[in-house]
Amino acid sequence: MKFFKPLLDLYINSSIHVAFACFAFLKITYFSLNIPLNNSVLGFAFFGTIMGYNFVKFDALARANKKKMKKQLKIIAMISFVALVFTVYFFFGLATITKLIALFFLLLTILYTLPFFPNRTNARNWAGLKIYIVAFCWVGVTVFLPIINTDAKLNSIFYLYSTQRFLIVFILILLFEIIDIKNDDPHLKTLPQQIGVKNTKNLGYLLLMVYCGLSFLYSNFGFPLLELELSFWVTLIIALFLFFANENRSKYYTLFWVESIPILWLLLLFWN
């Protein structure tokens, strides 16, 4: 157990787990919208997630402690460098328009991390903005990129699917904000800080109902019944996570289990 925990922490802290979650969401998008798989998009998203998340999480820490970097941080820096190399490699395999969109989300990530204006914090600390920026980026990478890269039309089903993906990611972030309410800076003004944990959970339940309601519209597009059933099961799982979420939960509640939901979703999709 003493050997397993450091490996688990490294796996989580190096953003490999969240990269698998992103990869799973992408595969679900390909399956749901019946788009041919593209390895360049999958590879770019997976390694780009590792690079981007590590940059967001460890940029300030690394710059402040260059001479005192812990062993794990050095390993994460190496993993991030390898991820950067592969991200660049897969980037050149994308269609031109997809490259432009990918660069846009890269710039948004940089804005999210680094301060651009004197005496101002970065976008990550702008009150109330964090959850919307993160959810938008996830929709961009896991829905926009695969669709644009295949030159598919941005029709009604695209907007419906994007809205649902935004809702799911938004709700998952709510879980993180509930767990982190004790440690988050009060100036962040996260939803649990502003409206309380109970009301945040109620908002999550409401958004899950909206998500399910939107799923009924898929009957007009001939979506597989199995996939719709799985969406409802995943909704139930997320609702249970919301119900049991509180500020006293272990960090693994969100960093491992909640981020495993897209992976579980994909496994169930292919298992059936």
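Below: a short report on this structure. (Residues numbered from 1 in each chain as written. Predicted model: local features only at pLDDT ≥ 70, side-chain atom pairs only at ≥ 80, totals over all residues. Heavy atoms only, no water.)

### Brief notes about the packing of helix α6 (residues 130–149) against helix α7 (residues 156–179)
Following both chains from N to C, one finds α6 and α7 inclined at 140°, their axes separated by 9 Å at the closest point. Taken together, α6 and α7 sit at an angle that is classed as oblique. Crossing geometry of α6 relative to α7 is assigned as right-handed. Residues I131, Y132, V134, A135, F136, W138, V139, T142, V143, F144 and I147 of α6 form the contact with α7, whose participating residues are F158, Y161, S162, R165, F166, V169, F170, I173, L174 and E177. Its residues assigned to classes, the contact of α6 with α7 comprises 17 nonpolar, two polar and two charged. (Axes fitted to C-alpha atoms, helices over the stretch in contact; angles between N-to-C directions. Helix = DSSP H or I, 4+ residues; strand = E, 2+ residues; numbered from the N terminus. Parallel < 35°, antiparallel > 145°, perpendicular 65-115°, else oblique. Left-handed = near helix turned anticlockwise from the far one by under 90°. Contact = heavy atoms within 4.5 Å. Nonpolar A, V, L, I, M, F, W, Y, C, P; charged D, E, K, R; others polar.)

### Observations concerning the pattern of salt bridges
Counted under the stated rule, the structure contains two salt bridges. Of the charged contacts in the structure, one is a salt bridge between D9 and K5, with a shortest N-O distance of 3.0 Å. Remark: K5 and D9 occur in helix α1 (residues 4–13); sequence separation between them is four residues, near one turn of the helix. Here K251 ties to D9 by a salt bridge, and the two come within 4.0 Å at their closest N and O atoms. You can see K251 sitting in the loop between α10 (225–244) and α11 (252–257) and its partner D9 sitting in helix α1, a full 242 residues away along the chain. Exposure remark for D9: the relative accessible area of 10% places this residue in the buried category. Among the ionic contacts, a cluster of salt bridges with common partners joins K5, D9 and K251. (Salt bridge = Lys/Arg side-chain N within 4 Å of Asp/Glu carboxyl O. Buried < 20%, exposed > 50% of the residue type's maximum accessible area, 1.4 Å probe, protein only.)

### Some details on the packing of aromatic side chains
Inspection of the entire model under this criterion finds 24 aromatic pairs. Centre to centre, the rings of F158 and Y159 are 5.0 Å apart; their planes meet at 70°, and the pair counts as edge-to-face. Its relative accessible area of 6% is what places F158 among the buried residues. Under the relative-accessibility criterion, Y159 is labelled partly exposed at 49%. Through a chain of ring-to-ring contacts, the aromatic side chains of F20, F23, F46, F47, F86, Y89 and F90 assemble into a single cluster. (Phe/Tyr/Trp six-rings, centres within 6.5 Å; stacked < 30°, edge-to-face > 60°.)

### Considerations on a nonpolar patch on the surface
Together, F81, V82, L84, V85, F86, V88, Y89 and F92 make up a nonpolar patch on the protein surface, roughly 800 Å² of accessible area in all. For V85, the position within the fold is in helix α4 (residues 71–91). (Patch = residues over 30% accessible without salt bridge, like charges linked within 9 Å, V, L, I, M, F, W, Y side chains within 5 Å. Areas by Shrake-Rupley, 256 points an atom, 1.4 Å probe, with all protein chains shown as cover.)

### Brief notes about the environment of Y252
Within the fold, Y252 resides in helix α11. Among the residues examined, Y252 registers a relative accessible area of 19% and is labelled buried. Taking C-alpha positions, Y252 is 9.2 Å from D9, a pair spaced 243 residues apart along the chain. If we ignore the near neighbours within four places in the chain, the residues touching Y252 are K5, L8, D9, I12 and W257. In this structure the side chain of Y252 is engaged in a polar contact, spanning 3.2 Å, whose partner is the side chain of K5. For Y252, the side chain forms a polar contact with the side chain of D9, separated by 2.5 Å. (Polar contact = N/O pair within 3.5 Å; in protein donor to acceptor, adjacent residues only side chain to side chain.)

### What about the nonpolar core?
Grouped together as the largest cluster of nonpolar side chains are 78 residues, with contacts concentrated most on F25, W138, I168, L172, I238, V258 and W265. Here this core gets 16 residues from one element, more than from any other, and that element is α7. Every residue in contact with I168, bar those within four places of it in the chain, is listed here: F25, L208, Y211, I238 and W265. (Core = buried A, V, L, I, M, F, W, Y, C linked by side-chain atoms within 4.5 Å.)

### Section: the packing of helix α2 (residues 16–32) against α6
Close contact between α2 and α6 brings their axes to 9 Å; oriented N to C, the two are set at 35°. Between α2 and α6 lies a crossing of right-handed hand. Between α2 and α6, the contacting residues are V18, A21, C22, F25, L26, T29 and Y30 on the first element and W138, V141, T142, V143 and P146 on the second. Here the residues of the contact of α2 with α6 are counted per class, giving 10 nonpolar, two polar and no charged.

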